[in-house]
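Here is how the chains run, residue by residue.
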Amino acid sequence: MTTPNDDQQNAHADETATADHDELRERFAGVRTEVGKAVVGQDAAVTGLVVSLLARGHALLEGVPGVAKTLLVRSLSRSLSLDSKRVQFTPDLMPGDVTGSLVYDTKAGEFEFREGPVFTNIMLADEINRTPPKTQSSLLEAMEERQVSADGVTRPLPSPFMVAATMNPIEYEGTYTLPEAQLDRFLVKLVLDVPERETEVEVLRRHAEGFDPRDLASAGVTPVVTARDITAAQDAVANIGVTDAVLAYLVDLARATRQSPSVRIGVSPRGTTALLAATKAWTWLTGYSSITPDHVQAMLVPVWRHRVQLRPEAELEGVSVDAILTSVMQQVQVPF
């Protein structure tokens, strides 16, 4: 049995928690401001990266060369008080160059493990599809289990941990198609298009005024979010509520992709849980305590666009995955 004092204490605790969450959200909103000091017109991609981080996922950025994919991830890393490392994926890159390898210590007379660049908080895998699948697969364990196994020893990765990978469209020369298992490890796929005219003019204006993309410090990009902030936000995201009706809506959307005549392979149950995780993060960022269908629809395309495979005839007809997913959202009944 609760007393009036208990009710007052509970109400006070709820108000304190709400205030803390509001302050946290403001800090993550500041990330967009900091990234905007270096990158123009990519707010949606910044939001997608933040959602991935809060949902304990990974992000894949696709776009033609020169649309600031790498600069975007570097700017995000600088706005967070986290360790980050960059790996340029090339055709001759070996798995050990990513995860680490055993090195013989002549003084000790034994082999020791030398950690690779994956042992960091944010790993930028630059042009990940320019290296063969053998090297790409070296990230599978790290992305899924947050650990690296070598010589029978399992070594945990730092927390938080996120892989932010950039890739060129597969039509470009010298690229390899990412294996399905690798694609499935990414929570979201963000597509960066060539900027609009006004945005491109602003990019040139900044360069004309002396902006150097290699020197983010001179651009004024500073850390505004700490590792403790990220952990607190991730815990808050995990506690976002969801009704049975919304869960059923997620399943109906996934099943609709499998039944589309243009689709060869639809969204798997893993894809459904990925959408739930991303939607929780977006729900928290927008200040809600429970998921609504609008939140689901906002995250559906970036979370599912790399999990759907079209039939060859549909590809020949120019059908896009994004168009299929948009059609699915229009066809499936929204719960009220």
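Check the entry above for the structure.
Rules of the game
- Residue numbers here run from 1 along each chain, matching the order of that chain's written sequence.
- The predicted origin of the model limits local features to residues at a pLDDT of at least 70 and limits the giving and counting of side-chain atom pairs to 80 or more, whereas totals for whole chains, interfaces and linings rest on all residues.
- Side-chain metrics in this entry use all non-hydrogen atoms of the structure; hydrogen atoms and water are not considered.
- Like charges are joined within 9 Å and nonpolar side chains (Val, Leu, Ile, Met, Phe, Trp, Tyr) within 5 Å, but only among residues with over 30% relative accessible area and no salt bridge; these make up the patches.
- Accessibility throughout is a Shrake-Rupley quantity obtained with a 1.4 Å probe, and a residue counts as covered only by protein chains that appear here.
- Salt bridge criterion: a side-chain nitrogen from Lys or Arg within 4 Å of a carboxyl oxygen from Asp or Glu.
- Strands here are runs of E lasting at least two residues and helices are runs of H or I lasting at least four, both read from the DSSP assignment and numbered beginning at the N terminus.
- Stacked, edge-to-face and tilted labels apply to pairs of Phe, Tyr and Trp rings (six-membered ring for Trp) whose centres lie within 6.5 Å, assigned for plane angles under 30 degrees, over 60, and everything in between, in that order.
- Distance and angle both matter: a charge sits over a ring if NZ of Lys or CZ of Arg is within 6 Å of the ring centre and within 35 degrees of the ring normal.
- Should any heavy atoms of two residues lie within 4.5 Å, those residues are counted as being in contact.
- We call a residue buried when its accessible area falls under 20% of the maximum for its residue type, exposed when it is over 50%, and partly exposed in between, using a 1.4 Å probe and counting protein chains only.
- A helix is expected to reach a length of 1.5 Å times the quantity of its residues less one.
- Counting of polar contacts relies on pairs of N or O atoms within 3.5 Å, with two restrictions inside protein: one atom must be capable of donating a hydrogen and the other of accepting it, and residues adjacent in sequence are counted only when both atoms are side-chain atoms.
- Each nonpolar core is a collection of buried residues, namely Ala, Val, Leu, Ile, Met, Phe, Trp, Tyr and Cys, held together in the definition by side-chain atoms within 4.5 Å.

On the surface, a cluster of nonpolar side chains totalling about 330 Å² of accessible area is made up of Leu 102, Tyr 104 and Phe 111. Tracing the backbone shows Tyr 104 in strand 4 (residues 100-105).

Applying the stated criterion to the full structure yields 2 aromatic pairs. Lying over the aromatic face of Trp 284, Arg 25 brings its terminal NZ or CZ to 5.1 Å of the ring centre. Against the face of Phe 113 rests Arg 155, its NZ or CZ located 4.0 Å from the ring centre.

Another point: the side chain of His 58. Residue position: His 58 is located in the loop between helix 2 (43-54) and strand 1 (59-62). With residues near it in sequence (within four places) discarded, His 58 still touches Ser 52, Met 143, Arg 146, Phe 161, Met 162, Val 163, Arg 185, Phe 186, Leu 187 and Val 188.

This part takes up the pattern of salt bridges. Scanning the entire structure with this criterion turns up 17 salt bridges. Put simply, Glu 144 and Arg 185 hold a salt bridge, and the shortest N to O gap is 3.5 Å. One end of the pair, Glu 144, is in helix 6 (residues 140-145); the other, Arg 185, is in the loop between helix 7 (180-184) and strand 10 (188-191), and 41 residues separate them in sequence. Between Asp 322 and Arg 305 there is a salt bridge; the shortest N-O distance is 2.9 Å. Here Asp 322, found in helix 14 (residues 321-331), pairs with Arg 305, found in the loop between helix 12 (293-304) and strand 13 (309-310); they are 17 residues apart in sequence, far enough to count as distant. Looking at Asp 322, the relative accessible area reads 29%, which means it is partly exposed. Within the structure, one salt-bridge network assembled from shared partners comprises Glu 144, Asp 184, Arg 185, Arg 270 and Arg 307.

This brings us to helix 3 (residues 69-79). The element helix 3 is extensively covered by neighbouring structure, given that 8 of its 11 residues are classed as buried. By the burial criterion, the buried members of helix 3 are Lys 69, Leu 71, Leu 72, Val 73, Ser 75, Leu 76, Ser 77 and Ser 79.

Now for helix 2. A rise of 1.5 Å per residue sets the reference length of helix 2, with its 12 residues, at 16 Å; its end C-alpha atoms lie 17 Å apart and thus fit the reference within 8%. Among the 12 residues of helix 2, 10 are classified as buried, and the element is accordingly described as predominantly covered. Within helix 2, burial applies to Ala 45, Val 46, Thr 47, Gly 48, Leu 49, Val 50, Val 51, Ser 52, Leu 53 and Leu 54. Arg 56 occupies a position one or two residues after helix 2 and carries a positive phi of about 60°.

Position of Asp 126 relative to the elements: it lies in strand 6 (residues 122-126). We classify Asp 126 as buried; its relative accessible area is 4%. Expressed as a C-alpha distance, the spacing of Asp 126 and Arg 86, which sit 40 residues apart in the sequence, is 7.0 Å. Here Asp 126 is in contact with Thr 70, Arg 86, Val 87, Gln 88, Phe 89 and Thr 166, once residues within four sequence places are set aside. Among the polar contacts made by the side chain of Asp 126, one reaches the side chain of Thr 166 at a distance of 2.6 Å.

This part covers unusual backbone geometry. That bond from Ser 159 to Pro 160 is cis: its omega, 0°, falls within 30 degrees of zero. Looking at the element boundaries, Pro 160 is found in the loop between strand 8 (153-156) and strand 9 (162-167). Phi at Ala 68 takes a positive value of approximately 75°, unusual for a residue other than glycine. Residue Ala 68 is classed as partly exposed on the basis of its relative accessible area, which comes to 27%. Of note, the phi angle at Glu 127 is positive, near 55°, even though the residue is not glycine. Mapped onto the fold, Glu 127 is located in the loop between strand 6 and helix 5 (133-136).

What follows is about the side chain of Gln 42. Take Gln 42: it is sitting in the loop between helix 1 (4-36) and helix 2. Contact partners of Gln 42, with chain neighbours within four places excluded, come to Val 67, Leu 192 and Asp 193.

With 69 residues, the main nonpolar core has Phe 28, Leu 72, Leu 253, Trp 284 and Trp 304 as its most contacted residues. In terms of residue count, the dominant contributor to this core is helix 2 (7 residues). Residue contacts for Phe 28: discarding those within four places in its chain leaves Val 50, Leu 54, Val 225, Asp 229, Ile 230, Ala 233, Trp 284 and Leu 285. In terms of nonpolar packing, the next biggest core, distinct from the first, is built from 24 residues, Val 87, Phe 119, Ala 125 and Ala 142 among them.

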